[in-house]
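Each chain, written out:
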Amino acid sequence: MSVPYWLDLPNEAYPPLDADETVDVAVVGGGVTGLACARVLAAAGVRVRVLEARGVGGGASGRNGGFALRGGAEPYPATRARELWALTEGALARLPELAGDAFRHVGSLRVAASDEELAAVRDEHDALREDGFAVEWVEAGELPPLLRPHFLGGLRNPPDGALEPGRWARRLAALAARAGAAIAEGTRVTAVEPGAVRAGPHTVSCGAVVVATDGYSDGVLPELAAAIRPARAQMLATAPLTERHFDAPVYAREGWDYWQQAPDGRLLIGGWRDAELEREFTSVDEPTPTLQARIEEFAGRLLGSPPSVTHRWAGLLGFTEDLRPLVGELREGVWVSAGYSGHGNVLALACGELVAQAILGRPAPELELFEAGVERARN
Ligand SMILES: Cc1cc2nc3c(=O)[nH]c(=O)nc-3n(C[C@H](O)[C@H](O)[C@H](O)COP(=O)(O)OP(=O)(O)OC[C@H]3O[C@@H](n4cnc5c(N)ncnc54)[C@H](O)[C@@H]3O)c2cc1C
């Protein structure tokens, strides 16, 4: 039951590492970050090995809400981080090509449950608009009918869309493999050292290491243990609904609650982490009965009748102090891209590629957006 709906599909497995080897770059973690990084490196002729403890997309990349959102976890009006938002718009624009039909360009809807939240959403709308980003205000009466009893209005982000995360991660793995990256599933890295990573009895000697473990970073590097706090987020999937209620993914209560209706009619819904906030700061990615009951009860209220639940699962988010990921060279030859603070679908693609470009000797100016966080983690 705790298999994520997104990963409940036939899988073409990549064999585990079974011998020592030498490559140019070893990537720890086969989620979107690691795979995006590996694809770009391999396409440039670099010998890359991706080492994934579970299966590709087995971490947050195959367990998430599937929201492909512009920006980061930090609220836009507070930071006006224009370059960061522009970086993610660039990555979003490439998703149709990269993710194929695992991505639907349908926008996203942020809705407000209280007058106070409506004012905050209005601030976000105005700030984005002032800075030249496409955004649309949605009056209460224009919301999808099921939302009207619960929400007061909101905004639509036209560049956003909906992903099927498991299919997307596996497709990206196939693209990376086709570009020449070697992928090992079922291979847990047990030590990261200068010039080598160890996976049980085997050693991968390498010129550089990329650590791409986001909320799953526990025990990988001491710097990350101090800089990234893991938290659990839980979701469920219903049986296909008979009607189509939501074209775009919806997030509410400042993102605490989120859902999308998949192409086959299922509702994929998660949230309510704030109901048990301290308990959910954990690195155990198993669902719990109490929080699942909260999500199920909310889904029932939204739909007007109790849903029939087919899948329940949890995944890990990696929070940083300022909600901005750590992206850059943490120690000589050891790179990191992790700590997306729950907002990593599009950023993971953008940041994994930023690290690859830097390793190739052509660092993009956007890497500077993440310098302060990496500097903090180094010290
Ligand atoms: C329930 C949930 C809902 C979310 N919803 C959204 C959303 O709608 N939109 C959004 O933008 N973001 C969302 N996120 C966040 C987003 O999923 C992540 O930020 C993103 O997937 C991170 O990708 P990644 O590749 O960096 O990390 P992951 O996909 O977590 O990959 C890390 C991988 O590292 C592997 N690993 C860890 N340690 C080792 C080791 N020692 N050796 C080898 N491998 C190792 C893990 O097995 C894992 O597969 C959500 C997250 C969760 C959990």
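Residues numbered from 1 in each chain as written. Predicted model: local features only at pLDDT ≥ 70, side-chain atom pairs only at ≥ 80, totals over all residues. Heavy atoms only, no water.

Honestly, the overall build of the chain in this entry has me stumped. Any pointers?
Helix and strand counts for the chain stand at nine helices and 19 strands. The principal-axis extents of the C-alpha atoms in the chain amount to approximately 60 × 45 × 40 Å. Buried positions account for 59% of the 379 residues belonging to the chain. Restricting the contact set of the chain to residue pairs at least 6 apart, pairs at least 24 apart contribute 73%. As presented, the chain carries roughly 15,000 Å² of accessible surface, and 51% of it is formed by carbon and sulfur atoms. In the chain, 36 positive and 52 negative side-chain charges are present, and the distance between their average locations comes to 3 Å. (Helix = DSSP H or I, 4+ residues; strand = E, 2+ residues; numbered from the N terminus. Buried < 20%, exposed > 50% of the residue type's maximum accessible area, 1.4 Å probe, protein only. Contact = heavy atoms within 4.5 Å. Areas by Shrake-Rupley, 256 points an atom, 1.4 Å probe, with all protein chains shown as cover. Lys, Arg positive; Asp, Glu negative; His and termini not counted. Charge placed at Lys NZ, Arg CZ, Asp CG, Glu CD.)

Whenever I open this one, the sheet that holds strand β3 (residues 67-68) confuses me. Can you help?
Strand pairing in a sheet is mediated by backbone hydrogen bonds. Such pairs are either parallel or antiparallel. Reading across the sheet, the three strands line up as β3-β8-β4 and stay open at both edges, with antiparallel pairing between neighbours. In the strand order of this sheet, the two ends are held by β3 and β4 (103-104), each with one partner. The pairing of β4 with strand β8 (residues 161-163) spans two bridges and is antiparallel. Bridged to phenylalanine 103 within β8 is leucine 163. (Pairing = 2+ DSSP bridges.)

Sorry, what's going on with the packing of helix α3 (residues 82-99) against helix α5 (residues 165-179) here?
Each pair of packed helices gets described by two things: the angle between the helix axes and the distance between those axes. Axis separation between α3 and α5 bottoms out at 10 Å; the angle between their running directions is 75°. Classified by the angle their axes make, α3 and α5 are roughly perpendicular. Contacts between α3 and α5 involve Leu95, Glu97, Leu98 and Ala99 from the first element and Trp168, Arg171 and Leu175 from the second. Its residues placed into classes, the contact of α3 with α5 shows five nonpolar, no polar and two charged. (Axes fitted to C-alpha atoms, helices over the stretch in contact; angles between N-to-C directions. Parallel < 35°, antiparallel > 145°, perpendicular 65-115°, else oblique. Nonpolar A, V, L, I, M, F, W, Y, C, P; charged D, E, K, R; others polar.)

Please explain the pairing of strand β1 (residues 21-28) as it appears in this structure.
Look at any regular strand and the pattern is simple: side chains alternate between the two faces of the sheet. Of the strand pairs in this sheet, β1 and strand β12 (residues 202-211) are connected by seven bridges, and their pairing is parallel. Within the sheet, the bridge partner assigned to valine 25 lies in β12 and is alanine 208. Of the strand pairs in this sheet, β1 and strand β2 (residues 48-51) are connected by four bridges, and their pairing is parallel. Each bridged residue has a counterpart across the sheet, and for valine 28 the counterpart in β2 is leucine 51. Crossover handedness for the path β1 to helix α1 (residues 32-43) to β2: right-handed. (Right-handed = clockwise from strand over helix to strand, strands pointing away.)

I would appreciate a short explanation of the nonpolar core in the present structure.
The nonpolar side chains of a soluble globular protein tend to be buried, and buried together. Counting residues in hydrophobic clusters, the biggest one holds 63 residues, and the most contacted among them are Val48, Leu84, Leu95, Trp168, Leu349 and Phe370. Among the secondary structure elements, those contributing two or more residues to this core are β1, α1, β2, α3, α4 (115-130), α5, β12 and α8 (345-359). When residues in this core are grouped by element, the largest group, ten residues, is from α8. Beyond its immediate chain neighbours, meaning those up to four positions away, valine 48 contacts Val25, Val27, Ala38, Leu41, Ala42, Ala181 and Ala182. By size, the runner-up hydrophobic cluster in this structure holds 25 residues, among which are Val211, Ile228, Ala338 and Val374. (Core = buried A, V, L, I, M, F, W, Y, C linked by side-chain atoms within 4.5 Å.)

Please clarify how the site of the ligand should be interpreted in this entry.
The full set close to the ligand counts 36 residues, and Thr33, Glu52, Ser61, Val189 and Asn345 are the nearest of them. Contact distances for the ligand include 3.4 Å between a nitrogen atom and a backbone N or O atom of tyrosine 216. Contact with the protein chains removes 97% of the 1,000 Å² of surface that the ligand exposes when unbound. Mapped by element, the contributors of at least two residues to the shell around the ligand are α1, β13 (229-238) and β17 (309-319). It is β17 that contributes the most residues to the shell around the ligand, three residues altogether. Taken together, the residues that form the shell around the ligand break down as 16 nonpolar, 15 polar and five charged. (Near = heavy atom within 4 Å. Polar contact = N/O pair within 3.5 Å; in protein donor to acceptor, adjacent residues only side chain to side chain.)

Sorry, what's going on with α3 here?
An α-helix turns once per 3.6 residues; consequently, residues spaced three or four apart project the same way. Taking 1.5 Å of rise per residue, the 18 residues of α3 would be expected to cover 26 Å, and the 25 Å separating its terminal C-alpha atoms lies within 8% of that figure. The sharpest bend along α3 comes to roughly 30°, located at alanine 93, with the proline proline 96 sitting one to four residues further on. Among all positions in α3, only Leu84, Trp85, Leu87, Thr88, Ala91, Leu92, Leu95, Leu98 and Ala99 are buried. (Expected span 1.5 Å × (residues − 1). Bend = angle between axes of the 7 residues up to and from the residue.)

Got a minute to help me understand the packing of α3 against α8 in this structure?
Axis separation between α3 and α8 bottoms out at 8 Å; the angle between their running directions is 100°. If you check the angle between α3 and α8, you find them roughly perpendicular. Together, Leu84, Leu87, Thr88, Ala91, Leu92, Arg94, Leu95 and Leu98 of α3 and Val346, Leu347, Leu349, Ala350, Glu353 and Leu354 of α8 make up the contact between the two elements. Its residues assigned to classes, the contact of α3 with α8 comprises eleven nonpolar, one polar and two charged.

Sorry, what's going on with the pairing of strand β16 (residues 267-271) here?
Burial analysis of β16 places five of its five residues in the buried class, the great majority of the element. Alternating residues of β16 divide into Leu267, Ile269 and Gly271 and Leu268 and Gly270, and every residue in both groups is buried. In terms of strand pairing, β13 meets β16 through three bridges, oriented antiparallel. Looking at the pairing, methionine 235 lines up with glycine 270 of β16. Bridging between strand β15 (residues 257-261) and β16 involves five bridges; their strand directions are antiparallel. Residue pairing across strands places glutamine 261 opposite leucine 267, the latter belonging to β16. Linkage of β15 to β16, two consecutive antiparallel strands, is achieved through a turn of five residues, within which glycine 265 is found at a positive phi near 100°.

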